[in-house]
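A structural walkthrough
One-letter residues, chain by chain:
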Amino acid sequence: MTQRLGVEDVLIVVDMQYDFLPGGSLAVAGGDEIVEPINALAHRFDNVVQTQDWHPAGHISFASTHPGAKPFELIELPYGPQVLWPDHCVIGTKGAQFSALLDIPHVQTIVRKGYRETIDSYSAFAENDHRTRTGLAGYLRERGLKRLFVCGLATDYCVAWTAEDAVDAGFEAIVIEDATRAIDNDGSLENAWTRMRAAGVGRTQIADFL
Ligand code: VGL
Ligand code: ZN
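Throughout what follows, the structure given in this document is the object of discussion. None of these values were measured; they are calculated from a predicted model. (Residues numbered from 1 in each chain as written. Chains lettered and ligands numbered in written order. Predicted model: local features only at pLDDT ≥ 70, side-chain atom pairs only at ≥ 80, totals over all residues. Heavy atoms only, no water.)

If you tally the helices and strands in the chain, you get 4 helices and 8 strands. When the helices and strands of the chain are placed in sequence order, the string is β-α-β-β-β-β-α-β-α-β-α-β. By the compact-globule yardstick of 17 Å for 210 residues, the chain fits well, its C-alpha radius of gyration being 16 Å. For the chain, the spread of C-alpha atoms along the principal axes amounts to about 50 × 35 × 30 Å. Burial status across the chain gives 56% buried among its 210 residues. For the chain, the computed accessible surface area is about 9,300 Å², with 53% contributed by carbon and sulfur atoms. (Helix = DSSP H or I, 4+ residues; strand = E, 2+ residues; numbered from the N terminus. Rg over C-alpha atoms; globule rule 2.2 N^0.38 Å. Buried < 20%, exposed > 50% of the residue type's maximum accessible area, 1.4 Å probe, protein only. Areas by Shrake-Rupley, 256 points an atom, 1.4 Å probe, with all protein chains shown as cover.)

This brings us to the sheet that holds strand β6 (residues 147–153). Strand order in the open sheet formed by 6 strands is β5-β2-β1-β6-β7-β8, with parallel pairing between adjacent strands. Each edge of the open sheet carries a strand with a single partner, namely β5 (109–113) and β8 (202–204). This sheet shows a mean twist of 25° between the axes of neighbouring strands, independent of strand direction. Across 3 bridges, strand β7 (residues 172–181) lies against β8 in parallel orientation. Note on β8: the bridge partner recorded for Ile-176 is Thr-204. (Pairing = 2+ DSSP bridges. Axes fitted to C-alpha atoms, helices over the stretch in contact; angles between N-to-C directions.)

Among the 14 residues in helix α3 (residues 155–168), 12 count as buried, and that is most of the element. Among the residues of α3, those classed as buried are Thr-155, Asp-156, Tyr-157, Cys-158, Val-159, Ala-160, Trp-161, Thr-162, Ala-163, Glu-164, Asp-165 and Ala-166. On its buried face, α3 sits against β1 (9–14), β4 (80–83), β5, β6, β7 and α4 (188–199). Where α3 terminates, the next one or two residues include Gly-170, which has phi positive at roughly 95°. (Contact = heavy atoms within 4.5 Å.)

Attention now moves to the coordination of the zinc ion (ligand 2). Within the protein, Asp-53 (OD), His-55 (NE2) and His-88 (NE2) serve as the donor atoms for the zinc ion (ligand 2), at 2.0 to 2.2 Å. One can describe the site at the zinc ion (ligand 2) as irregular: its 4 donor atoms subtend angles covering 88 to 170° at the metal. Counting along the primary sequence, the residues that act as donors to the zinc ion (ligand 2) give the motif D-x1-H-x32-H. Residue His-55 is found in the loop between β2 (48–53) and β3 (74–77), and its partner His-88 is found in the loop between β4 and β5; the two are separated by 33 residues along the sequence. On the basis of relative accessible area, His-88 is assigned to the buried category, the value being 3%. (Donors = N, O, S within 2.8 Å, 3.2 Å for Na, K, Ca; no water. Tetrahedral: all angles 85-135°; square planar, octahedral: opposite > 155°, others 65-115°.)

So, about the environment of Phe-98. Tracing the sequence through the fold places Phe-98 in the loop between β4 and β5. Once the C-alpha coordinates of Phe-98 and Trp-54 are considered, the two residues, 44 residues apart in sequence, prove to be 11 Å apart.

Another point: helix α1 (residues 35–42). Of the positions making up α1, those classed as buried are Val-35, Ile-38, Asn-39, Leu-41 and Ala-42. With its buried residues spanning 165° around the axis, α1 presents them on a single face. On its buried face, α1 is in contact with β1, β2, β6 and β7. (Arc of directions from axis to C-beta.)

Spelled out as structure tokens, the structure:
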């Protein structure tokens, strides 16, 4: 079935940055396979927003910031549990840049997230304390954009948290599953789909847009 798109639809392209692509410091397996499909998808949308993971050096989500800690360990922070990551998407580095193969000249807004040293931010709407807002909900609402299709990296973290928060903020959210790739540590991908299903996030495939 071909998806009919209208003026209230927007494509959210999550974190298509070098550090999440093969060769990057937090490489997501197969991340490079979705660059071309996302370019094709984006050309079907009048409205496109990108997100960009954007951390200062010494960010609280980096294992290297916590003496003795290792990447992918879970720690407890004042705002709740936090997975520790390899250093990634450090402001001003190549790893924080979008893939040069990404071809979305009509992108309208780029939402940067995770730039506060002491709070991580997976979601494009709110940081991991679930209180600090990025401003994206207000932007979308003011523009009359109501239905969000979400693709990019990684399915089980920034894509899932963005889609869940979108529903929470009163938008319709649909993840284009095969236009995402997952980190999938400790069952995180299955957990993310369970949470998304419970939240009412939709799930579709690229073929739906051809
Ligand atoms: C992401 C872990 C840390 C993501 C960002 O884009 O899914 N994951 N920072
Ligand atoms: Zn990050």
